[in-house]
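Report on the structure
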Amino acid sequence: MFIKRNIYEYDIHKANISCLLEMGEISKEQYDMFKDIPKDERSKFVAAFEKLEKGTAKDYRKFVEVALEKFKKLNDIREKNILEIAFDAIWIDKEVSNLQVTENIKFTCKRKASSILEIRKIKFYFNSADDSFFQRGLGQKESPWFEIIKEYMRLSEIENIEILSKFINDFNEKYISKSLDEEFYQRLIPKMDNLEIIEILRENSILTKNKK
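Now for a look at the structure at hand. (Residues numbered from 1 in each chain as written. Predicted model: local features only at pLDDT ≥ 70, side-chain atom pairs only at ≥ 80, totals over all residues. Heavy atoms only, no water.)

**Examining the packing of aromatic side chains**
Where we set the bar: When two rings of Phe, Tyr or Trp (its six-membered ring) have centres within 6.5 Å they constitute a pair, described as stacked for plane angles under 30 degrees, edge-to-face for angles over 60, and tilted for the intermediate range. Secondary structure elements are defined from DSSP: runs of H or I of at least 4 residues count as helices, runs of E of at least 2 residues count as strands, and each element is numbered from the N terminus. Exposure categories follow from relative accessible area, calculated using a 1.4 Å probe and restricted to protein chains: below 20% of the type maximum is buried, above 50% is exposed, and the middle band is partly exposed. Here, a charge over a ring means that NZ of Lys or CZ of Arg falls within 6 Å of the ring centre while also lying within 35 degrees of the ring normal.
One pass over the structure, following the stated rule, counts 18 aromatic pairs. Ring geometry for Phe71 versus Phe107: centroids 4.0 Å apart, planes at 20°, classification stacked. Of the two residues, Phe71 is situated in helix α4 (residues 56-74) and Phe107 in strand β4 (residues 107-119); the sequence distance between them amounts to 36 residues. Of the two residues, Phe71 and Phe107, neither departs from the other in class, the shared state being buried. An aromatic cluster is present here, built from Trp145, Phe171, Tyr175, Phe184 and Tyr185 joined pairwise through their rings. Across from the ring centre of Phe134, 3.9 Å away, lies the NZ or CZ of Arg111, which sits over that ring.

Here is the structure:
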């Protein structure tokens, strides 16, 4: 499924420690100590803290849900505007300005996108304004497929169906003839054949053509 529209990703600013501060689980001094260190190091502190304070992890998840609900209400975000809700973030199709939820918790606009491509539970985002591309669902994985999908999304946005179709067909021929680098033949999505991905891209381009 390919969607062309403005998409905004908002997430809780320094979610783990800002929420723990609001909950009264850590002090302002602890917050100030950890707020500017790398996220991975901050997460290690939170994980160690939650092991010592039983029940904190569960309470934290509940607190994040409450913060998300307040953020939605504050900005009159309806179900039709929501593309995805993750653990401490929300993807919506409109820009919002009311970001402060509580004294210690605010949402930040982390990334913007101009289109989204969904393949199973994997979501690919492309922003034509700055040519940025990112994905959710495959973790930190890097793949040469990302450049192909990014170019596919770029061509889909400009709606040049002939060039888009040629791009997909050319890539498909190279894939079938085994003329690509070996990395292309490693599965991009677990338990899904790469040829199925190519077919989905082809079907999306046909749907786009029929809409015109």
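Moving on, there is more to tell.
**Side note on the state of the cysteines**
Let me state the cut-off plainly: In what follows, a disulfide is any cysteine sulfur pair within 2.5 Å.
Using the criterion set out here, one finds 0 disulfides in the structure. Note on Cys19: no disulfide assigned, nearest cysteine sulfur contributed by Cys109 at a separation of 18 Å. Residue class for Cys19 comes out buried when judged on its relative accessible area of 0%. A relative accessible area of 34% places Cys109 in the partly exposed class.

**Some words on the pairing of β4**
Rule in force here: Only when DSSP finds a minimum of two bridges between them are two strands counted as paired.
One ladder, built from 9 bridges, connects strand β1 (residues 2-12) with β4; its direction is antiparallel. Within β4, the position partnered with Ile7 by the bridge is Ala113. Of the strand pairs in this sheet, β4 and strand β5 (residues 122-127) are connected by 5 bridges, and their pairing is antiparallel. Across the sheet, Ile116 pairs through a bridge with Tyr125, a residue of β5. Counting the residues in the hairpin turn of β4 and β5 gives 2 residues, including Arg120, whose phi is positive at 55°.

**Points about helix α5 (residues 145-158)**
Keep this limit in mind: What a helix is expected to span follows from its residue count: subtract one and scale by 1.5 Å.
The first and last C-alpha atoms of α5 sit 20 Å apart over 14 residues, in line with the 20 Å expected at 1.5 Å per residue. With 10 of 14 residues buried, α5 lies mostly within the body of the structure. Within α5, the full set of buried residues consists of Trp145, Phe146, Ile148, Ile149, Lys150, Tyr152, Met153, Leu155, Ser156 and Glu157. Just downstream of α5 lies Glu159, where phi reads positive at about 60°.

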